[in-house]
Amino acid sequence: MRIAVISDIHGNLQALTKSLSIIRNLRVDKIYCLGDIVGYGANPNECVELVRQYADHTVLGNHDHAVLFPDYARYLPSDGKTVALWTAKILSSENREYLMNLKYRVETDICTLVHASPDKPEHWNYINSLEEAGNQFEHFDKTICFAGHTHIPFICRDDLQSFKFDKEGRYLINPGSIGQPRDGRSQLSFGFLDTDAREYKNFRFSYDIDGAAEAIRKSKLPKALGKRLYSGY
Ligand code: ZN
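Residues numbered from 1 in each chain as written. Predicted model: local features only at pLDDT ≥ 70, side-chain atom pairs only at ≥ 80, totals over all residues. Heavy atoms only, no water.

## Concerning the packing of aromatic side chains
What counts here: Here is the rule: rings of Phe, Tyr and Trp (six-membered ring for Trp) pair when centre to centre is within 6.5 Å. Planes less than 30 degrees apart are stacked, more than 60 are edge-to-face, and the remainder are tilted. Every helix listed is a DSSP run of H or I at least four residues long, and every strand listed is a run of E at least two residues long, numbered separately from the N terminus. Three labels apply to residues, based on accessible area from a 1.4 Å probe with only protein chains included: buried if under 20% of the type maximum, exposed if over 50%, partly exposed otherwise in between.
In total, this model carries 10 aromatic pairs according to the counting rule given. Here the aromatic rings of Phe146 and Tyr200 are separated by 6.1 Å at their centres, their planes lie at 45 degrees, and the arrangement is tilted. Of this pair, Phe146 sits in strand 6 (residues 144–147) while Tyr200 sits in strand 10 (residues 199–205); the two residues are 54 residues apart in sequence, bridging distant segments of the chain. Of the two residues, Phe146 and Tyr200, both sit in the buried class. For the pair Phe165 and Tyr171, a centre-to-centre distance of 5.9 Å together with 70 degrees between the ring planes defines the contact as edge-to-face. The class for Tyr171 is buried, based on a relative accessible area of 0%.

Structure (structure tokens):
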């Protein structure tokens with residue numbers, strides 16, 4: 001099975017549409033989405049609609065959660081809070097309903113999907129160190145756990161070997177961010193898993209950042225949210 005894994009779209013329609021066009025050419029069987037469809041970017045409704053249409057499995061992210069329950073927006077950075085409250089006002093009832101039905105954790109045949117971390121996905125903890133990553137392996141049973149949230153792609157194996165996954169190993173993978181990369185590179189990032197070839201790849205592509213930044217400017221959202229797309233921080 002060929003699977004694309006996308007995460008942290010954050011209302012960036014330009015990055016999402018570019019990603020979906022590439023994913024279409026990869027002839028995938030499934031698309032998994034790790035949440036934070038909304039927040040930061042100017043096109044939350046369009047992004048939720050595309051995820052509803054194309055993703056086979058989607059989990060809830062902390063920004064999605066804050067849009068549904070604005071009391072929780074105070075736990076977000078101030079720009080994130082501003083946009084969560086704005087998104088809550090403009091989100092369509094169908095899209096709200098869709099987000100409302102998302103779970104914190106989804107199990108597929110060989111994958112666990114969470115937004116933040118498999119130990120307590122509803123606590124939105126960040127996996128920021130190897131130590132924290134290592135501690136997560138006792139909290140999932142499947143071969144691979146996909147987690148987003150930090151916007152920084154990484155692969156961590158339960159023991160050290162070169163990557164091309166095998167039946168014995170288990171993996172914790174972050175596919176990076178579609179809509180707001182934070183590893184110093186501005187290109188959108190997503191993962192590609194071929195379960196037949198037992199291969200995992202991280203893809204990076206440039207996209208129309210000008211369009212995404214302009215949409216943020218036009219929507220009168222904080223200017224810094226457009227600028228940070230260029231720096232990848
Ligand atoms: Zn995020």
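On we go from here.
## Description of the coordination of the zinc ion
The reference angle at a metal is 109.5 degrees if four donors form a tetrahedron and 90 or 180 degrees if six donors form an octahedron. Convention followed: In this description, a donor is an N, O or S atom within 2.8 Å of the metal centre, a cutoff extended to 3.2 Å for sodium, potassium and calcium. Water is not part of the atom list, which can make sites seem incomplete.
Coordination of the zinc ion by the protein comes from Asp8 (OD), His10 (NE2), Asp36 (OD) and His151 (NE2), over a distance range of 2.1 to 2.4 Å. Spacing between the donor residues of the zinc ion along their common chain follows D-x1-H-x25-D-x114-H. Highlighted residues: His10 in the loop between strand 1 (2–6) and helix 1 (13–25) and Asp36 in the loop between strand 2 (30–33) and helix 2 (44–54), separated in sequence by 26 residues. Residue class for His10 comes out buried when judged on its relative accessible area of 1%.

## Observations concerning the side chain of Ser117
This is how it is decided: Each polar contact in these results corresponds to two N or O atoms within 3.5 Å; when the atoms are within protein, one needs to be able to donate a hydrogen and the other to accept it, and residues that are neighboring in sequence are counted only if both atoms are side-chain atoms.
For Ser117, the location among the structural elements is in the loop between strand 5 (111–114) and helix 6 (130–135). A distance of 2.5 Å separates a polar atom in the side chain of Ser117 from a polar atom in the side chain of Asp119.

## Things to note about the pattern of salt bridges
Note the threshold: Basic side-chain nitrogens of Lys or Arg form a salt bridge, by our definition, when they fall within 4 Å of a carboxyl oxygen of Asp or Glu.
One pass over the structure, following the stated rule, counts three salt bridges. For Arg105, the salt bridge goes to Glu107, with nearest N and O atoms at 2.7 Å. For Arg105, a relative accessible area of 28% gives the class partly exposed. Glu107 gets classed as partly exposed once you look at its relative accessible area, which sits at 39%.

## With respect to the sheet that holds strand 10
Applied cut-off: At least two bridges found by DSSP between two strands is the condition for calling them paired. Contacts: residue pairs with any heavy atoms within 4.5 Å of one another. In this analysis, axes come from line fits to C-alpha atoms, helices being fitted only over the stretch in contact, and the angle between any two N-to-C directions falls in the range 0 to 180 degrees.
An order of 3-2-1-9-10 is seen for the five strands of this open sheet, with the pairing classed as mixed. Two strands lie at the open edges of the sheet, namely strand 3 (57–58) and strand 10, each paired on one side alone. Two elements, strand 9 (residues 188–194) and strand 10, share seven bridges in a ladder whose sense is antiparallel. Residue pairing for strand 10: Asp194 is matched across the bridge by Glu199. Docked against the sheet, helix 1 engages strand 1, strand 2, strand 9 and strand 10, running at close to 25 degrees with respect to strand 9.

## As for the packing of helix 2 against helix 5 (residues 93–100)
Test applied: Should an angle fall under 35 degrees it is called roughly parallel, over 145 degrees roughly antiparallel, and 65 to 115 degrees roughly perpendicular, with every other angle called oblique. A crossing counts as left-handed when the near helix is turned anticlockwise from the far one by less than a right angle, and as right-handed when that turn is clockwise.
Running from amino to carboxyl end, helix 2 crosses helix 5 at an angle of 55 degrees, the nearest separation of the two axes being 10 Å. Considered as vectors, helix 2 and helix 5 are oriented oblique to each other. You can see that helix 2 and helix 5 cross each other, and the crossing is left-handed. Across the interface between the two elements, Asn45, Val48, Glu49, Val51 and Arg52 from helix 2 touch Glu94, Asn95, Tyr98 and Leu99 from helix 5.

## As for the environment of Cys47
Structurally, the position occupied by Cys47 is in helix 2. When its relative accessible area of 0% is taken as the criterion, Cys47 is described as buried. When the C-alpha atoms of Cys47 and Leu13 are compared, they prove to be 5.8 Å apart, with 34 residues separating the residues in sequence.

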